[in-house]
Amino acid sequence: MKLTLSLGLVALLVVACAAGRFSTHSWRQQEQPQQQGGRYPNQWWFYNSNSQSPAPASWSQRAGKQYPGQQQYPADKEFLSRQKIILQLLVHITQYNIYPEIAEIGQKYDIFNSAQRYSNIQAYQNFIARYNRGILPRGEIFNLYNDDYLEQAIALFDLFYFAKDFDTFISTAAWARDVYNEGQFAYAFYVAVIHREDTNGIVLPPLYEIYPYFYFYGNDLQKFSQAKQLGQSQYSLYTNFSGYNYGYYYGNYYGNQEQILSYFTEDIGLNAYNAYSHLYNPFWFSAEKYGFNFQGRGEYYYYFYQQILNFYNLNRIANYIPELEYFDWDKPIPYGYYPNIQYHSGKPFPPRPDQYPLQSIRSYTISDIQSIECRIREAIDSGYVYSKDGSRIPIFSYLKGISLLGNIIEGNGDSVNSRYYGSYQSMLRSLFALIVDPGYNHGVVPGVLANYETALRDPAFYYFYKYINRIFRQYAYSSQPAYKSDDLAFPGVSIKNIEIDPLNTYFDYFNVDVSNAFYVKNAEEANSLNYVARSLRLNHEPFSYKIYINSEKNASALVRVFFGPTYDAFYSSLYGFYAGGNENYYQGFPQNKDPSSYNYQFVNFDKLKEYFVEWDRFPVNLTPGQNVISRHSKQFTTTVGEYPSFEQIYKQVEEALQGQGSFYINDYDQQCGFPDRLVLPLGSKEGTPFALYAIISPYSQQEQQHGYESPIYSCSGLYNYNDNRPLGYPFDRQIIDFKQFFTPNMYFKDVSVYLKTQQQVNQQNRVVSY
């Protein structure tokens with residue numbers, strides 16, 4: 001089931017894009033709409049600082065990604081009308097509906113006498129009771145980690161989700177659009193569109209266009225606001241110079257080297273991806289209540305954040321920034337953060353100074369969280385967890401055990417005993433998010449860690465997720481023995497070489513329509529605004545690689561490809577005192593050295609493997625002799641490419657309704673994956689050393705994993721191809737003896753990542769866009 005949606009709202013996210021440019025025709029009428037002008041006429045074009053060139057006709061073709069089993073279906077007028085009304089419901093979400101016809105639908109809908117229109121009568125009655133007790137007023141800040149606010153949002157989602165038909169769903173949404181708190185409405189609506197069967201295939205715009213407040217500096221948005229006050233309908237601004245000159249200058253000037261990494265941590269695509277993954281798999285979702293069965297849910301939670309943490313660490317290595325300190329309950333947080341963003345209400349996200357101590361909050365104490373942590377660690381040590389009825393459930397069966405543990409740590413709806421194990425990660429997040437005003441004594445709004453759209457901006461996020469990741473590692477190391485050569489080998493199959501194109505990174509500009517951050521009188525005024533924020537982002541040149549495989553037989557196989565540090569880069573960056581001068585310290589990978597070399601006893605690969613990220617996973621059919629497997633970076637199963645803007649989506653819907661073009665429904669979600677732009681860490685002029693690693697494993701019917709019945713929960717391509725091996729294999733267990741670990745069906749390739757200047761990119765007439 002699943003659709004292609006834009007992401008991320010979670011704490012008031014959506015303030016719908018491109019407010020204007022819609023006609024007010026109803027989805028019920030299905031008539032030929034009039035042609036609309038756009039506030040962003042060249043949005044279909046690729047951009048760089050010096051040139052423009054037209055884009056392809058279809059945004060679904062433009063992305064250039066190839067997905068497993070990808071198919072496209074032409075949309076009929078019923079689907080197009082549904083697509084249009086859903087877009088209109090999200091326009092300028094921070095104010096009342098600017099489309100009178102949609103507002104009228106909501107005003108005429110009698111929500112209090114419509115029980116028969118919902119398939120779950122209990123959910124309907126719970127909503128009415130919850131509504132009558134009072135709800136969060138419009139204009140207030142919605143916070144997912146406030147239990148009362150979340151309960152209200154879930155009650156609204158249930159109403160959306162259990163609506164018997166699309167007409168009821170839209171009527172309910174039109175009513176709630178102008179009654180409910182805008183953040184709660186946007187959150188519940190997005191999750192519902194993702195999970196309802198009759199909205200399968202619906203495309204929604206990027207979150208950074210929908211709610212720019214979470215992605216652009218408040219002082220820059222203020223300049224746009226001043227332009228609007230002066231009557232300027234066209235305005236553009238260079239903004240968000242994080243991690244490029246801004247990050248390096250202020251990072252060095254203030255002695256805060258963490259700011260150097262803001263090109264990664266504050267990347268709008270990365271933060272939208274984090275939020276979108278949550279919308280696919282909200283922590284409060286229950287398989288029992290909503291009818292989804294995802295046996296690997298807890299494992300996915302663990303691996304999803306491990307991969308984000310590893311991408312972050314690779315950029316630390318690339319910038320020669322020391323390893324993160326380990327979280328200690330008894331020590332203050334060493335990393336401060338100044339967000340420089342604000343909520344739509346005008347309240348700024350609170351900064352946090354360096355060396356700021358954690359404090360208990362009104363809802364629970366630090367001791368409460370430590371008690372829950374002790375219960376989790378005790379479960380790992382004992383090998384079982386307690387169910388709700390007090391019975392013991394063993395957790396040392398890896399594939400199921402890691403998911404049981406992950407569900408408990410996340411505190412999601414499938415936890416075996418949420419009363420006993422609580423919600424560890426949510427409680428820890430709240431402790432950090434409310435650190436400035438833990439007692440709610442001064443009206444300080446929650447920090448960036450309270451929102452999925454903004455959490456990755458804060459270095460403290462990686463600081464405490466590194467700590468959480470150690471709990472999972474404790475489980476893996478204590479429950480599973482190290483792999484032996486026989487566990488890893490693929491008899492009769494060996495990798496002989498890997499060839500890869502030069503790896504070049506660069507910073508380019510991209511344009512984002514931020515017009516939805518500002519109030520408008522009506523749709524006509526919204527359509528006239530053209531406010532464009534231009535920001536630098538990290539990108540890379542597309543590249544290909546080839547794997548040369550020798551096989552003695554016909555075989556079905558699964559290839560995994562990882563990217564990570566070499567010893568040279570790793571130890572030079574994080575442990576400088578190891579680097580240089582020690583000839584007995586290995587700096588490279590095994591197939592380039594004599595296996596009997598004395599150097600091997602110095603290889604601590606168990607440490608190094610914790611920094612590898614999974615790029616690609618795909619099946620191949622081997623034939624006897626040499627097999628050459630070619631892959632392009634746009635084929636990576638864990639990443640997604642460029643995503644269309646709101647204007648592009650809406651324009652194509654309008655043209656299709658008029659019979660002037662086609663709109664295709666995709667059977668995959670193009671925005672649900674790690675941004676392709678960020679698969680390479682920042683390079684350097686001289687070339688920063690890294691490593692490519694590949695392993696090929698058997699993939700017969702016996703190895704293929706069929707237990708994950710609802711891949712809709714996965715938002716990263718991690719379940720496109722599965723076998724019976726754990727996520728992260730073969731790096732998921734302790735590596736005690738590297739010689740025992742390394743087998744012929746593996747290969748390490750030393751590579752270098754370079755950084756090009758904007759001038760070099762322009763000389764090649766490169767054209768890029770977000």
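Looking at an unreviewed UniProt entry, the chain carries the name Hexamerin, with the source organism given as Frankliniella fusca.

*Asks:* Tell me about helix H7 (residues 182-195), and please be specific about residues and values.
*Replies:* A rise of 1.5 Å per residue sets the reference length of H7, with its 14 residues, at 20 Å; its end C-alpha atoms lie 20 Å apart and thus fit the reference within 8%. Burial analysis of H7 places 14 of its 14 residues in the buried class, which makes it a mostly covered element. Its side-chain oxygen placed 2.9 Å from the backbone nitrogen of Gly-183, Asn-181 serves as the N-cap of H7.

*Asks:* Which residues make up the confidence of the model for the chain, and what are the values?
*Replies:* The predicted coordinates of low-pLDDT regions are not to be read in fine detail. Chain-level pLDDT for the chain is 82 on average; 80% of the residues reach the 70-or-more range. Averaged pLDDT values for the elements of the chain fall to 24 in strand S1 (residues 46-47) and rise to 98 in strand S10 (residues 544-551). Across residues 707-712 the pLDDT falls below 50, and counting only partners more than four positions away or on other chains, this stretch makes 18 contacts in the model.

*Asks:* Before we move on, can you summarise unusual backbone geometry with the specific residues and values?
*Replies:* In this structure, the amide linkage connecting Tyr-729 to the following residue, Pro-730, adopts the cis form with an omega of 5 degrees. With respect to the helices, strands and loops of the structure, Pro-730 is situated in the loop between strand S17 (688-698) and helix H25 (738-741). For His-92, which is not glycine, the phi dihedral falls at a positive 45 degrees. Secondary-structure assignment places His-92 in the loop between helix H2 (77-89) and helix H3 (100-108). Residue Tyr-320 is not a glycine yet carries a positive backbone phi of 55 degrees. Relative to the elements of secondary structure, Tyr-320 occurs in the loop between helix H14 (297-318) and helix H15 (366-382).

*Asks:* Talk me through the sheet that holds strand S7 (residues 493-500); I want residue IDs and the actual numbers.
*Replies:* Taken in spatial order, the 3 strands make up an open sheet running S7-S10-S13, and their pairing is antiparallel. The sheet terminates laterally at S7 and strand S13 (625-632), the two strands that pair on one side only. In this sheet, neighbouring strand axes are inclined to one another by 20 degrees on average, regardless of whether the strands run parallel or antiparallel.

*Asks:* Give me the lowdown on the pattern of salt bridges, citing residues and values where you can.
*Replies:* In total, this model carries 31 salt bridges according to the counting rule given. Of the charged contacts, one joins Glu-151 and Arg-133 as a salt bridge, the two residues approaching to 3.0 Å between their closest N and O atoms. Of this pair, Glu-151 sits in helix H5 (residues 147-161) while Arg-133 sits in the loop between helix H4 (121-132) and H5, and the two are 18 residues apart along the sequence. One salt bridge connects Arg-196 with Asp-198, and the closest N-O pair in it is separated by 2.6 Å. A relative accessible area of 5% places Arg-196 in the buried class. Salt bridges sharing partners connect three or more residues here, namely Arg-130, Arg-133, Asp-148 and Glu-151.

*Asks:* With reference to specific residues and values, describe the nonpolar core.
*Replies:* If you look at the biggest cluster of nonpolar residues, it comprises 234 residues, and the most contacted ones within it are Tyr-424 and Phe-563. The element best represented in this core is H14, accounting for 13 residues.

*Asks:* So, the sheet that holds strand S11 (residues 555-565): which residues are in play, and what are the values?
*Replies:* Across the sheet, which stays open at both edges, the 7 strands sit in the order S4-S9-S8-S18-S17-S11-S12 with mixed pairing between neighbours. The open sheet has two free edges, formed respectively by strand S4 (234-239) and strand S12 (613-622), since each of these has just one partner strand. Pairs of neighbouring strands in the sheet enclose a mean axial angle of 30 degrees, with direction left out of account. For strand S8 (residues 503-513) and strand S9 (residues 530-540), the ladder comprises 9 bridges, and the chain directions are antiparallel. Among the inter-strand pairings, Tyr-506 is bridged to a residue of S9, identified as Asn-539. Across the sheet, helix H9 (residues 218-229) is in contact with S4 and S9; its angle to S4 comes to roughly 165 degrees.

*Asks:* Tell me about the packing of aromatic side chains, and please be specific about residues and values.
*Replies:* Taken as a whole and judged by the stated rule, the model has 90 aromatic pairs. In this arrangement the basic side chain of Arg-470 is found over the ring face of Tyr-326, its NZ or CZ atom lying 4.2 Å from the centre.

*Asks:* Could you give an account of the environment of Leu-89, with specific residues and numbers?
*Replies:* On the secondary structure map, Leu-89 appears in helix H2. Sequence-wise, Leu-89 and Ala-174 are 85 residues apart; in three dimensions their C-alpha atoms are separated by 7.2 Å. Every residue in contact with Leu-89, bar those within four places of it in the chain, is listed here: Asn-97, Ile-102, Ile-170, Ala-173, Ala-174, Arg-177, Phe-185 and Phe-189.

*Asks:* Describe the side chain of Ser-262, naming the residues involved and giving the relevant values.
*Replies:* Its location among the elements puts Ser-262 in helix H11 (residues 262-265). Residue classification places Ser-262 among the buried positions, given a relative accessible area of 2%. Of note is the side chain of Ser-262, whose polar atom sits 2.8 Å from the backbone oxygen of Gln-259.

*Asks:* I'd like to hear about the pairing of S11, residue by residue, with values.
*Replies:* Within S11, 10 of the 11 residues are buried, which leaves it mostly tucked inside the rest of the structure. Inspection of the sheet shows S11 paired to S12 by 9 bridges, in the antiparallel sense. The partner of Ala-557 across the bridge, within S12, is Val-620. Note: S11 against S17, 9 bridges, orientation antiparallel. Its bridge partner being in S17, Phe-563 is matched across the sheet by Leu-692.

*Asks:* How would you summarise the packing of H15 against helix H18 (residues 424-433) if you had to cite specific residues and measurements?
*Replies:* With their axes 10 Å apart at the nearest point, H15 and H18 run at an angle of 150 degrees to one another. It follows from the interaxial angle that H15 and H18 lie roughly antiparallel. Taken as a pair, H15 and H18 cross one another with a handedness that is left-handed. Between H15, through Ile-366, Ile-369, Ile-372, Glu-373 and Ile-376, and H18, the contact on the second element is made entirely by Tyr-424, Met-427, Leu-428 and Leu-431. Classifying every residue of the contact of H15 with H18 gives 8 nonpolar, no polar and 1 charged.

Procedures and definitions
- Residues numbered from 1 in each chain as written.
- Predicted model: local features only at pLDDT ≥ 70, side-chain atom pairs only at ≥ 80, totals over all residues.
- Heavy atoms only, no water.
- Helix = DSSP H or I, 4+ residues; strand = E, 2+ residues; numbered from the N terminus.
- Expected span 1.5 Å × (residues − 1).
- Buried < 20%, exposed > 50% of the residue type's maximum accessible area, 1.4 Å probe, protein only.
- Polar contact = N/O pair within 3.5 Å; in protein donor to acceptor, adjacent residues only side chain to side chain.
- pLDDT = per-residue confidence, 0-100.
- Contact = heavy atoms within 4.5 Å.
- Pairing = 2+ DSSP bridges.
- Axes fitted to C-alpha atoms, helices over the stretch in contact; angles between N-to-C directions.
- Salt bridge = Lys/Arg side-chain N within 4 Å of Asp/Glu carboxyl O.
- Core = buried A, V, L, I, M, F, W, Y, C linked by side-chain atoms within 4.5 Å.
- Phe/Tyr/Trp six-rings, centres within 6.5 Å; stacked < 30°, edge-to-face > 60°.
- Lys NZ or Arg CZ within 6 Å of the ring centre and 35° of its normal.
- Parallel < 35°, antiparallel > 145°, perpendicular 65-115°, else oblique.
- Left-handed = near helix turned anticlockwise from the far one by under 90°.
- Nonpolar A, V, L, I, M, F, W, Y, C, P; charged D, E, K, R; others polar.

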